[in-house]
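Below are the chains, spelled out letter by letter.
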Amino acid sequence: MTDIQDNTIRLMLAYLCVGSEKTLERKVELLDRFKLVDSEIAAVCGSALQSIRNARQQYKKIAKKTKTTK
């Protein structure tokens, strides 16, 4: 497959994975596992780049807080 086809398939899978998720933080958390860059995540979620960065910081903050309380 070509690079364009590979990228298209990755983005299509990304859309399918986050289709049922409600929060942007959860969507970003899932899409980070695919090693997508911020602009690709923004395209999949239909959000601005800064919103993606904010969501990533938010879920990392919550994850860190949860680890310290356990």
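Description of the structure in this document. Keep in mind the model is a prediction, meaning the values are calculated, not measured.

### Overview of unusual backbone geometry
For residues that are not glycine, phi is negative in most cases, and the peptide bond is trans in most cases. Positive phi outside glycine occurs at lysine 35, with the angle close to 60°. Position of lysine 35 among the secondary structure elements: in the loop between α2 (24-32) and α3 (38-45). Lysine 35 sits in the exposed class, given a relative accessible area of 68%.

### A look at the side chain of arginine 56
Its place among the elements puts arginine 56 in helix α4 (residues 49-69). Other than its neighbours up to four places away in sequence, arginine 56 contacts Val28, Asp32, Asp38 and Ile41.

Cut-off values and rules
- Residues numbered from 1 in each chain as written.
- Predicted model: local features only at pLDDT ≥ 70, side-chain atom pairs only at ≥ 80, totals over all residues.
- Heavy atoms only, no water.
- Helix = DSSP H or I, 4+ residues; strand = E, 2+ residues; numbered from the N terminus.
- Buried < 20%, exposed > 50% of the residue type's maximum accessible area, 1.4 Å probe, protein only.
- Contact = heavy atoms within 4.5 Å.

Nothing here speaks to function; it is all geometry.
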